[in-house]
Amino acid sequence: ECKPCPLTSDLVGLLVEVALSDTNRRIRLNALWALHQPQDARAVAALKSILRDADPELVVDAYYALISQDPTYQGDPVSLHVQVALSLAHKSVRLKALLGLRRLPPDTRAKIALEQILRTETDPRLRSYAHHALKHQDPNYRARVDAEARKRGIEQGIAVTRARKEKQLRRQSTENP
């Protein structure tokens, strides 16, 4: 029977080393996620280093891990999310950045980047996330899009009502020749 044994190795040191140097992105991400827990100065330094390296695949997760490590850290989350959203990173990473822009306060840089994504991006899911983020970032865009949607809805409602009336008239004309 095995006896429980306390962990004697330096977990934070190992996680920092893996987050900074492993060649597998997924393993680096898992190390970043694990760094959310302990409050350690080495982790803060490593996370800031990852932010400076600006690897778009890791930078958003490093930012949130850093916030959990050092709640006083300010940084520039808008710039970070814009950079990743406009990058050639994996689609899931870009979607996470766009979702982050949706949650951040309105900012001109975000608005410009989101408009660019809507003009140039072909992937429907990225366009949808950018659209919803832009609705949050730009009240004028939101008002315009909502007005267009209301207009389309009214036009569709009128068309449906007209079609029903025409169908009803045809039915009446065939019943009463």
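Structure's up top.
A few points on the structure. (Residues numbered from 1 in each chain as written. Predicted model: local features only at pLDDT ≥ 70, side-chain atom pairs only at ≥ 80, totals over all residues. Heavy atoms only, no water.)

This paragraph deals with the pattern of salt bridges. Note that side chains of opposite charge can pair when their charged atoms are close. The tally for this structure, following the rule as stated, stands at 9 salt bridges. For the salt bridge of D76 with R109, the shortest nitrogen-to-oxygen distance reads 2.7 Å. Pair noted here: D76 is in the loop between α4 (59–69) and α5 (77–86) and R109 is in helix α7 (residues 108–120), with a separation of 33 residues, a long-range link. Classification of D76 by relative accessible area gives partly exposed; the value is 35%. A relative accessible area of 39% means that R109 is categorised as partly exposed. Between K91 and D123 there is a salt bridge, with its nearest N and O atoms 3.1 Å apart. Here D123 lies in the loop between α7 and α8 (124–137) and K91 lies in helix α6 (residues 91–103), a separation of 32 residues in the sequence. Take D123: its relative accessible area is 19%, and that puts it in the buried class. Each of D76, D107 and R109 takes part in one network of salt bridges that share partners. (Salt bridge = Lys/Arg side-chain N within 4 Å of Asp/Glu carboxyl O. Helix = DSSP H or I, 4+ residues; strand = E, 2+ residues; numbered from the N terminus. Buried < 20%, exposed > 50% of the residue type's maximum accessible area, 1.4 Å probe, protein only.)

The next point concerns the environment of A85. Looking at the element boundaries, A85 is found in helix α5. Judged by its relative accessible area of 0%, A85 is buried. C-alpha separation for the pair A85 and A110, spaced 25 residues apart in sequence, amounts to 9.6 Å. Beyond its immediate sequence surroundings of up to four residues, A85 is in contact with R94, A97, L98, L101 and I117. (Contact = heavy atoms within 4.5 Å.)

Between helix α2 (residues 25–34) and α4, the least distance of the axes is 9 Å, while the angle of their chain directions is 15°. Accordingly, the angle class assigned to the pair α2 and α4 is roughly parallel. For the pair α2 and α4, the sense of crossing is left-handed. Residues L29, L32 and W33 of α2 form the contact with α4, whose own contacting residues are D61, A62 and A65. Residue classes in the contact of α2 with α4 are distributed as 5 nonpolar, no polar and 1 charged. (Axes fitted to C-alpha atoms, helices over the stretch in contact; angles between N-to-C directions. Parallel < 35°, antiparallel > 145°, perpendicular 65-115°, else oblique. Left-handed = near helix turned anticlockwise from the far one by under 90°. Nonpolar A, V, L, I, M, F, W, Y, C, P; charged D, E, K, R; others polar.)

So, on to the nonpolar core. With 44 residues, the main nonpolar core has L32, L35, L47, L51, L98, L101 and L114 as its most contacted residues. Leaving out residues up to four positions away in the same chain, L114 has contacts with L98, L101, A130, A133, L134 and Q137. (Core = buried A, V, L, I, M, F, W, Y, C linked by side-chain atoms within 4.5 Å.)

Here we come to the packing of helix α1 (residues 11–21) against α2. Interaxial distance between α1 and α2 falls to 8 Å at its minimum, and their mutual angle equals 140°. Judged by the inter-axis angle, α1 sits oblique to α2. Handedness of the crossing formed by α1 with α2: left-handed. Seen from α1, the contacting residues are L15, V18, A19, L20 and S21; seen from α2, they are I27, R28, A31, L32 and A34. A per-class count over the contact of α1 with α2 returns 8 nonpolar, 1 polar and 1 charged.

Looking now at the side chain of D61. Its location among the elements puts D61 in helix α4. If near-sequence neighbours (up to four positions away) are discounted, D61 is found in contact with L29, L32, W33, H36 and K96.

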